[in-house]
Amino acid sequence: MAGRLAPTLASSDLPLAGPGELVVSEVFGPTFQGEGRSLGQRAGFVRLGTCNLDCGRGPGATWACDTAYTWDWEHYSPAAELSVRPVDDIVADLTAMDVALLVITGGEPLIQQRRLVPLLHAATGRGWTVEVETNGTIAPLPEVAGLVSRFNVSPKVQGSGVARAVALRPRALAAFLATGKAVFKFVASSAAELDDIAEVVARGRLAPVMIMPAGTEPEQVVRVARELADPVLARGWDLTVRLHVLLWGNERAR
Ligand code: SF4
């Protein structure tokens, strides 16, 4: 049911992380950042476990979460999908990738933002650029905002099937805007969804805005991107594709 907390937060089987640890779905790379302003840049990824939304499960959803294995414990096992990892181990994996860009994603990574701080310090200390991909429901702590180079904020609108009062948190969105480091990246399955996005953008005075075609198969990403291109240009927004999907389809850890 849309609007409830995702099954992840109700599970008693979730691993518990202590200080200096994170609940991780996967650490992978080197690969390319597949979406947004840094598309095509060589990067290492840390995908954290759990999410506070359940995109694609509610009525009216036009697309589904492609990382449901990070949170959907009705269909996946947390024991199989998640692990508790010391930050030092994660940093060692990333160092071996020889990348200059770290992308922290999820799930919803800011659920663990207090425990993210040591990883952010380690990354910035090594001169890495850090992007955090978030659904925009949890305001970043000042310390986190200070260490992150860019927030790729993806507010969930009607096509996600998540109830608006759950998916859109005006104060959190305003906090991201105030960092001066946010790009607001909306998923759309068709040009018909752009009016709804425009309403959310206008209400929150969100900028800059980027539209991303939904899709987990290359043909779908290309078809939707072609449909979106001219209407997105007409609205003065930017467009991104999903490079990893064009290259590797729905393969994990890409
Ligand atoms: S917010 Fe992101 S990770 Fe969470 S359910 Fe939605 S698409 Fe999936």
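Predicted model, so just to flag it, every value in this text is computed and none were measured.

Trainee: Report on the environment of Ser38, specifying residues and quantitative values.
Mentor: Its place among the elements puts Ser38 in the loop between strand E1 (21–32) and strand E2 (42–48). The exposure class of Ser38 is buried, given its relative accessible area of 8%. Linking Ser38 and Leu101, residues 63 residues apart in sequence, is a C-alpha distance of 9.0 Å. Non-local contacts of Ser38, meaning those with residues more than four positions away in its chain, are made with Gln33, Leu101, Glu131 and Arg150.

Trainee: Before we move on, could you go through the sheet that holds strand E5 (residues 129–134) and cite the residues and values that matter?
Mentor: Taken together, the nine strands give an open sheet; going across it, the order is E3-E1-E2-E4-E5-E6-E7-E8-E9, and neighbouring strands pair in mixed fashion. Each edge of the open sheet carries a strand with a single partner, namely strand E3 (83–86) and strand E9 (238–239). Strand direction decides the pairing type here: E1 and E2, joined by six bridges, are antiparallel. Looking across to E2, one finds that Val27 is bridged to Val46. Running over the sheet, helix H2 (residues 87–97) touches E1, E2, E3 and strand E4 (101–105) and is turned about 0 degrees from E1.

Trainee: Can you lay out helix H8 (residues 218–234) for me, pointing to particular residues and giving the numbers?
Mentor: Helix length check: H8 (17 residues) gives 25 Å between terminal C-alpha atoms against 24 Å at 1.5 Å per residue, within 8%. Along H8, the sharpest change in direction is near 35 degrees and occurs at Leu228; proline Pro231 comes one to four residues later. Taken residue by residue, H8 has Pro218, Val221, Val224, Ala225, Leu228 and Val232 as its buried positions. In the segment just after H8, Gly236 is the residue with positive phi, at about 80 degrees.

Trainee: Lay out the nonpolar core in plain terms, naming residues and giving numbers.
Mentor: Residues Leu119, Phe186 and Ile211 are the most contacted members of the largest nonpolar core, which totals 61 residues. With six residues, helix H3 (residues 113–125) is the single largest residue contributor to this core. For Leu119, the residues in contact, after removing those within four places along its chain, are Leu22, Val46, Val87, Ile90, Val91, Leu94, Leu102 and Ile104.

Trainee: Which residues make up the packing of aromatic side chains, and what are the values?
Mentor: By the definition in use, this model includes four aromatic pairs. Relative to Trp248, the ring of Phe32 has its centre 6.3 Å away and its plane inclined at 10 degrees; by these criteria the two rings are stacked. Taken as a pair, Phe32 in strand E1 and Trp248 in helix H9 (residues 243–248) lie far apart in primary sequence, 216 residues in all. Seen in terms of ring centroids, Phe151 and Phe176 are 5.2 Å apart; in terms of plane orientation they differ by 70 degrees. Their pairing is edge-to-face. Of this pair, Phe151 sits in strand E6 (residues 150–153) while Phe176 is found in helix H6 (residues 170–179), placing the two residues 25 residues apart along the sequence. On the basis of relative accessible area, Phe151 is assigned to the buried category, the value being 0%. Here Arg252 stacks its cationic end above the ring of Tyr69, 3.6 Å away from the centre of that ring. For the cation-ring pair, Arg254 lies above Trp248, with the distance from its terminal atom to the ring centre recorded as 4.2 Å.

Trainee: Which residues make up unusual backbone geometry, and what values do they have?
Mentor: That bond from Gly29 to Pro30 is cis: its omega, 0 degrees, falls within 30 degrees of zero. Along the chain, Pro30 falls in strand E1. Residue Asp98 is not a glycine yet carries a positive backbone phi of 55 degrees. On the secondary structure map, Asp98 appears in the loop between H2 and E4. Taking relative accessible area as the criterion, Asp98 reaches 62% and is therefore assigned exposed.

Calculation criteria
- Residues numbered from 1 in each chain as written.
- Predicted model: local features only at pLDDT ≥ 70, side-chain atom pairs only at ≥ 80, totals over all residues.
- Heavy atoms only, no water.
- Helix = DSSP H or I, 4+ residues; strand = E, 2+ residues; numbered from the N terminus.
- Buried < 20%, exposed > 50% of the residue type's maximum accessible area, 1.4 Å probe, protein only.
- Contact = heavy atoms within 4.5 Å.
- Pairing = 2+ DSSP bridges.
- Axes fitted to C-alpha atoms, helices over the stretch in contact; angles between N-to-C directions.
- Expected span 1.5 Å × (residues − 1).
- Bend = angle between axes of the 7 residues up to and from the residue.
- Core = buried A, V, L, I, M, F, W, Y, C linked by side-chain atoms within 4.5 Å.
- Phe/Tyr/Trp six-rings, centres within 6.5 Å; stacked < 30°, edge-to-face > 60°.
- Lys NZ or Arg CZ within 6 Å of the ring centre and 35° of its normal.

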